[in-house]
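Observations on chain architecture
Residue-level listing of the chains:
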Amino acid sequence: MDRSQLRTHLEGLHRESYGWALCCCRRDAAQAEEVLQRVYLAVLEGKAKYRGGASPKTWLFAIIRRTAADERRRNWLRGLRLGRYFLRNGPAGAEERPEERIDRDERRALFLVALDKLPARQREVLQLVFYHDLSLSEAAEAMDVSVGSARTHYDRAKQALREKLKGTVLDETQRGAGTDPGALLGPEA
Amino acid sequence: MKPNVEPEPIRALFSDLRRKDARDAPPFDQVCRAAPRPRRTVPRAAWTVAAAAAVVLGVLAASYLVRPPAPPVVPPPAVTQANPAEPAELAISRWHSPTEFLLELPAPR
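Once a new chain begins, its residue numbering starts again from 1 and follows that chain's sequence as written. Note on labels: chains are lettered from A, ligands numbered from 1, in written order. For this predicted model, a pLDDT threshold of at least 70 governs which residues receive local features, and a threshold of 80 or more governs which side-chain atom pairs are given and counted, while totals over whole chains, interfaces and linings are taken from all residues. Computation of side-chain values covers all heavy atoms of the structure but excludes hydrogens and water.

Before going further, it helps to examine the confidence of the model for chain B. What pLDDT reports is the predictor's confidence in each residue, on a scale of 0 through 100. Considering every residue of chain B, the mean pLDDT works out to 77; 72% of them sit at 70 or more. Think of it this way: any DSSP run of H or I at least four residues long counts as a helix, any run of E at least two long counts as a strand, and we number them from the N terminus. Across chain B, the secondary-structure element scoring lowest on mean pLDDT is helix 4 (residues 101-104) of chain B, at 78, and the one scoring highest is helix 1 (residues 9-24) of chain B, at 89.

This is how it looks when you write it as structure tokens:
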């Protein structure tokens, strides 16, 4: 692939890559953008080369994951700032509100907080499977773990997330899904 | 190998998140065009190393200042070594046993 082809390919996967970078950076948008920038530069300058094997998307996701981990190690203080962000914007007082008043943004915030409490591997496998529609074997490749390990993380993550969301977001979403699958996503869906 | 796909509320939540992220994603050209930000890690690392070096130097200086004065150096006693070239002077010992008189006095009868 020459540079223009690579660029086209990266552009086609840009939104997916951004979503995955956000997951790898614990929803820190600035850091995700920085990670993507480093990844794109590495790919376009030929420092990261696709050698076949995995699908190009899985290959790109693996690079993003590694770059994000590298970035995280360098900027560990950002985690403290993110923790403060969640303290400020977390579900404070959500239990006191009636369920019908939980709108989409609040539901999303609750979901993100629950997601953030999961271990990194569990969060990543859920994101890859549900968000990016990857198979478990593809997710395992992107995460650089065995398929068995990915399945274990996947099962535990679903279980943990269900427990964390029980009684709040999940019930609300399930009710919406039971009547009209698109309704729970709101008018933007 | 697809995982079991039941009507997952979790999937719906992720779909919602995906839509939001797609809206918020910066344009591809912007990410590609933007110059890499100057890394703050190098100055931070330099500061860390400098701080660690300062701490080590401080500890060394403090231990040097606080250390009790060393005891005066006493030269070791001179050891006279026998010169193997000169034979030792022969002498008869003048030592007397405290019970030597018993050998000279007659024994009580």
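Having seen the model, we can carry on.
The subject of this paragraph is the packing of helix 7 (residues 120-131) of chain A against helix 8 (residues 136-143) of chain A. Residue and element names in this part refer to chain A. With axes taken as lines fitted to C-alpha atoms, and helix axes fitted only over the stretch in contact, angles between N-to-C directions fall between 0 and 180 degrees. At their nearest, the axes of helix 7 and helix 8 sit 9 Å apart, and the two run at 130° to each other. With respect to helix 8, the element helix 7 is oriented oblique. The chirality of how helix 7 crosses helix 8 is right-handed. Facing Arg 121, Glu 124, Val 125, Leu 128 and Val 129 of helix 7, the residues of helix 8 in contact are Leu 136, Ala 139, Ala 142 and Met 143. Any angle that falls under 35 degrees is termed roughly parallel, while one over 145 is termed roughly antiparallel, one within 65 to 115 roughly perpendicular, and all others oblique. Helix crossings are classified by the rotation of the near helix relative to the far one: an anticlockwise turn of less than a right angle makes the crossing left-handed, while a clockwise turn makes it right-handed. Note on contacts: a residue pair is in contact if any heavy atoms of the two residues lie within 4.5 Å.

Right, let's talk about the environment of Ile 64 of chain A for a bit. Examined against the element boundaries, Ile 64 of chain A turns out to sit in helix 4 (residues 56-74). Judged by relative accessible area, which is 0%, Ile 64 of chain A ranks as buried. Accessibility here uses a 1.4 Å probe with only protein chains present; expressed as a share of the type maximum, an area under 20% marks a residue as buried, one over 50% as exposed, and anything in between as partly exposed.

The criterion for an aromatic pair is that two Phe, Tyr or Trp rings (for Trp, the six-membered ring) have centres within 6.5 Å, with stacked assigned to planes under 30 degrees apart, edge-to-face to planes over 60 apart and tilted to the rest. Applying the stated criterion to the full structure yields six aromatic pairs over all chains. Their ring planes at 15° and their centres at 5.7 Å tell us that Trp 20 of chain A and Phe 61 of chain A sit as a pair that is stacked. Taken together, the residues span a long stretch of sequence, with Trp 20 of chain A in helix 2 (residues 14-24) and Phe 61 of chain A in helix 4 at a distance of 41 residues. Like Phe 61 of chain A, Trp 20 of chain A is buried. Ring plane angle 90° and centroid distance 5.1 Å describe the contact between Phe 111 of chain A and Phe 14 of chain B, whose orientation is recorded as edge-to-face. Here the residue Phe 111 of chain A occupies a position in helix 6 (residues 104-117), and Phe 14 of chain B occupies one in helix 1, the pair thus bridging two chains. Given the relative accessible area of 1%, Phe 111 of chain A is considered buried. An aromatic cluster is defined as three or more aromatic residues linked by ring pairs; in this entry it consists of Phe 111, Phe 130 and Tyr 154 of chain A together with Phe 14 of chain B.

To continue, consider empty space enclosed by the protein. All names here are of chain A. Here a cavity denotes a set of grid points, spaced 1 Å apart and computed over the protein atoms alone, in which a 1.4 Å probe fits but from which it cannot get out, and a pocket denotes an open set meeting protein on both sides within 12 Å along at least five of seven lines; residues with an atom within 4 Å of a point are reported as lining. Grid points are joined across faces, edges and corners, and a volume is the space filled by probe spheres set on the points. On inspection of all chains with the given rule, the structure shows one cavity of 30 Å³ or more. Size it by volume and the largest cavity reaches roughly 70 Å³. Taken together, Leu 22, Cys 23, Arg 26, Arg 27, Leu 112, Leu 115, Asp 116, Arg 123 and Gln 127 make up the full set of residues lining the largest cavity. Mapped by element, the contributors of at least two residues to the lining of the largest cavity are helix 2, helix 6 and helix 7. Residue contributions to the lining of the largest cavity peak at three residues, all from helix 6. For the lining of the largest cavity, the residue count by class is four nonpolar, one polar and four charged. Throughout, the edges of the domains are those of an automatic or database domain assignment. Counting the residues that make up the lining of the largest cavity, at least three belong to each of domain 1 (3-77) and domain 2 (98-185). Here the nonpolar group is Ala, Val, Leu, Ile, Met, Phe, Trp, Tyr, Cys and Pro; Asp, Glu, Lys and Arg are the charged ones; every other residue, Gly included, is treated as polar.

Right, let's get into a nonpolar patch on the surface. Candidate patch residues must exceed 30% relative accessible area and have no salt bridge, after which like charges are joined if within 9 Å and Val, Leu, Ile, Met, Phe, Trp or Tyr side chains if within 5 Å. We get accessible surface area from the Shrake-Rupley algorithm with a probe of 1.4 Å; when it comes to residues, only the shown protein chains can shield them. Every case where a carboxyl oxygen of Asp or Glu lies within 4 Å of a side-chain nitrogen of Lys or Arg is listed as a salt bridge. Taken together, the side chains of Val 56, Leu 57 and Leu 60 of chain B make up a nonpolar region of the molecular surface, amounting to roughly 300 Å² of accessible area. With respect to the element layout, Leu 57 of chain B can be found in helix 3 (residues 41-66).

Let us now look at the nonpolar core. Among the nonpolar cores identified, the biggest contains 55 residues, and Val 43, Ile 64, Leu 126 and Leu 161 of chain A together with Phe 14 of chain B are the most heavily contacted of them. Broken down by element, the residue count for this core peaks at seven residues, all from helix 3 (residues 29-44) of chain A. Three or more residues apiece are contributed to this core by two domains, here domain 1 (3-77) and domain 2 (98-185) of chain A. Here Val 43 of chain A is in contact with Leu 6, Leu 10, Ala 48, Trp 59, Leu 60 and Ile 63 of chain A, once residues within four sequence places are set aside. Joining through side-chain atoms within 4.5 Å is the link that ties buried Ala, Val, Leu, Ile, Met, Phe, Trp, Tyr and Cys residues into a set, and such a set is a nonpolar core.

Residues and elements named next belong to chain A. Here, the term disulfide refers to a pair of cysteine sulfur atoms separated by no more than 2.5 Å. Tallied over the entire structure, the rule returns zero disulfides over all chains. Among the cysteines around Cys 24, which has no disulfide bond, Cys 23 carries the closest sulfur, lying 5.3 Å off. Given a relative accessible area of 2%, Cys 24 falls into the buried group.

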